[in-house]
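The lines below spell out each chain.
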Amino acid sequence: MLISSIANIVVSQMLFKVAKEADSIALEADAWHLRTDVYTSAGVMFSLAVIWAGEKMFPGRNFHWLDPVAAIGVALLIIKAAYDLTDKSVRDLLDQSLPVDEEKWIDDMLLKHRSSIHGFHDLRTRKAGAFRFVEFHMKVDREMSVEDGHRIADDISAHIKEQFPRTDVTIHIEPCDGNCNAKCLEGCLRLVKGKINS
């Protein structure tokens, strides 16, 4: 049992690594399957060891109640893993937005380009399986050439794809004419805490 547990730890760790690299929920589920086998074996070994040690140290005392307690603990761990996997799978099937930390990374990355773009708005993201989709409108100087605007968009798109492989990026370029509505002001990179960024 100990040897099989060690083998399952090694294989599940490798599966978790590949699942993360491939962004595959199926591989992650398989990794969790092996990892829960480890938890089951560990629970059995722990309860048997404690029962054996208890009976040796305290003759006549019954420690067999530890076995179902260990089984309940293992079952709760398996239920938690199953819930997390189900929740993650459903999110992918429903094409929900990217996680908050990934959208924040995109916001921060666009902020670093404030020397060349005026702002952005209508950021929409979604994830389907291992694929991500990012779309937004980008405000640039109204005098900027099409070539320069296209180059900036390509540069930003490349940054996003470098951080998140298998991402389809769509950027709609708009001229900044100074007539800012609320939506435009919300994504304006020329404003910092209500003050013009010099």
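Bear in mind that the values here come from a model prediction, so they are computed numbers and not experimental data.

A.B. asks: What exactly am I supposed to notice about the overall build of the chain here?
C.D. replies: From N to C terminus, the chain includes six helices and five strands. The N-to-C order of helical and strand elements in the chain reads α-α-α-α-β-β-α-β-α-β-β. The burial tally for the chain puts 31% of its 198 residues in the buried class. The contacts in the chain between residues at least 6 apart in sequence include a share of 60% that link residues at least 24 apart. Summing over all exposed atoms, the chain offers an accessible surface of approximately 13,000 Å²; the carbon and sulfur share of this is 61%.

A.B. asks: Would you mind showing me how to read the nonpolar core here?
C.D. replies: What tends to happen in soluble globular proteins is that the nonpolar side chains get buried as a cluster. Leu-110, Ile-117, Phe-136, Met-138, Ile-156 and Ile-160 are the most contacted members of the largest nonpolar core, which has 18 residues in total. Elements with a minimum of two residues in this core: helix 4 (100-111), strand 2 (131-141), helix 5 (146-163) and strand 3 (167-176). If we skip the residues at most four places from it in the chain, Ile-160 touches Trp-105, Ile-106, Met-109, Val-134, Phe-136, Thr-167 and Val-169.

A.B. asks: Any chance you could explain the sheet that holds strand 2 here in plain terms?
C.D. replies: Note on sheets: strands pair through backbone hydrogen bonds, and any given pair is parallel or antiparallel. Read across the sheet, three strands follow the order 1-2-3 without closing on themselves; strand pairing throughout is mixed. Strand pairing shows two members of the sheet lacking a second neighbour, strand 1 (119-128) and strand 3, which therefore form its edges. Strand-to-strand twist across the sheet, computed as the mean angle between neighbouring axes with direction ignored, equals 10 degrees. Here strand 1 runs beside strand 2; their pairing, made up of eight bridges, is antiparallel. Along strand 2, the bridge assignment pairs Lys-127 with Arg-132. The strands touched by helix 4 within the sheet are strand 1 and strand 2, with strand 1 carrying the most contacts at an inclination of about 150 degrees. Running at roughly 150 degrees to strand 3, helix 5 makes contact with strand 2 and strand 3 of the sheet.

A.B. asks: What am I meant to see in the environment of Cys-188 here?
C.D. replies: By secondary structure assignment, the location of Cys-188 is in the loop between helix 6 (182-186) and strand 4 (191-192). Along the sequence, Cys-188 and Phe-120 sit 68 residues apart, while their C-alpha atoms lie 6.5 Å from each other. Setting aside chain neighbours within four positions, we find Cys-188 in contact with His-118 and Gly-119.

A.B. asks: Any chance you could explain unusual backbone geometry here in plain terms?
C.D. replies: Of all residues except glycine, most have a negative phi; of all peptide bonds, most are trans. The phi torsion at Asp-122 lies on the positive side, around 55 degrees, for a residue other than glycine. Positive phi values are uncommon outside glycine, yet Arg-166 reaches one of about 60 degrees. Tracing the chain through its elements places Arg-166 in the loop between helix 5 and strand 3.

A.B. asks: Is there a simple way to explain helix 1 (residues 2-22) in this structure?
C.D. replies: Taking 1.5 Å of rise per residue, 21 residues should cover 30 Å, and helix 1 covers 30 Å from first to last C-alpha, within 8% of that figure. Of all the residues in helix 1, the buried ones are Ser-5, Asn-8, Ser-12, Leu-15, Phe-16 and Ala-19. Seen along its axis, helix 1 keeps its buried residues to an arc of 110 degrees; they face one direction. For helix 1, the exposed residues set more than 90 degrees away from the buried face come down to Ile-3, Met-14, Lys-17 and Glu-21. The first or second residue beyond helix 1 is Asp-23, which carries a positive phi of 55 degrees.

A.B. asks: Help me understand the pairing of strand 2 in this model?
C.D. replies: Strand residues, when the strand is regular, have side chains that alternate between the two faces of the sheet. Adjacent in sequence and paired antiparallel, strand 1 and strand 2 are bridged by two residues, among which Gly-129 carries a positive phi angle near 65 degrees. Regarding the hand of the β-α-β motif, the stretch spanning strand 2, helix 5 and strand 3 is right-handed.

A.B. asks: Please clarify how the packing of helix 4 against helix 5 should be interpreted in this entry.
C.D. replies: Relative orientation and spacing of two packed helices are given, respectively, by the angle between their axes and the distance between those axes. Orientation of helix 4 relative to helix 5, taken along the N-to-C sense of each, is 145 degrees, at an axis distance of 11 Å. Both helix 4 and helix 5 take part in a crossing whose hand is right-handed. Facing helix 4, whose interface residues are Trp-105, Ile-106, Met-109 and Leu-110, helix 5 presents Ile-156, His-159, Ile-160 and Gln-163. In the contact of helix 4 with helix 5, the residues fall into six nonpolar, two polar and no charged.

The rules behind each value
- Residues numbered from 1 in each chain as written.
- Predicted model: local features only at pLDDT ≥ 70, side-chain atom pairs only at ≥ 80, totals over all residues.
- Heavy atoms only, no water.
- Helix = DSSP H or I, 4+ residues; strand = E, 2+ residues; numbered from the N terminus.
- Buried < 20%, exposed > 50% of the residue type's maximum accessible area, 1.4 Å probe, protein only.
- Contact = heavy atoms within 4.5 Å.
- Areas by Shrake-Rupley, 256 points an atom, 1.4 Å probe, with all protein chains shown as cover.
- Core = buried A, V, L, I, M, F, W, Y, C linked by side-chain atoms within 4.5 Å.
- Pairing = 2+ DSSP bridges.
- Axes fitted to C-alpha atoms, helices over the stretch in contact; angles between N-to-C directions.
- Expected span 1.5 Å × (residues − 1).
- Arc of directions from axis to C-beta.
- Right-handed = clockwise from strand over helix to strand, strands pointing away.
- Left-handed = near helix turned anticlockwise from the far one by under 90°.
- Nonpolar A, V, L, I, M, F, W, Y, C, P; charged D, E, K, R; others polar.

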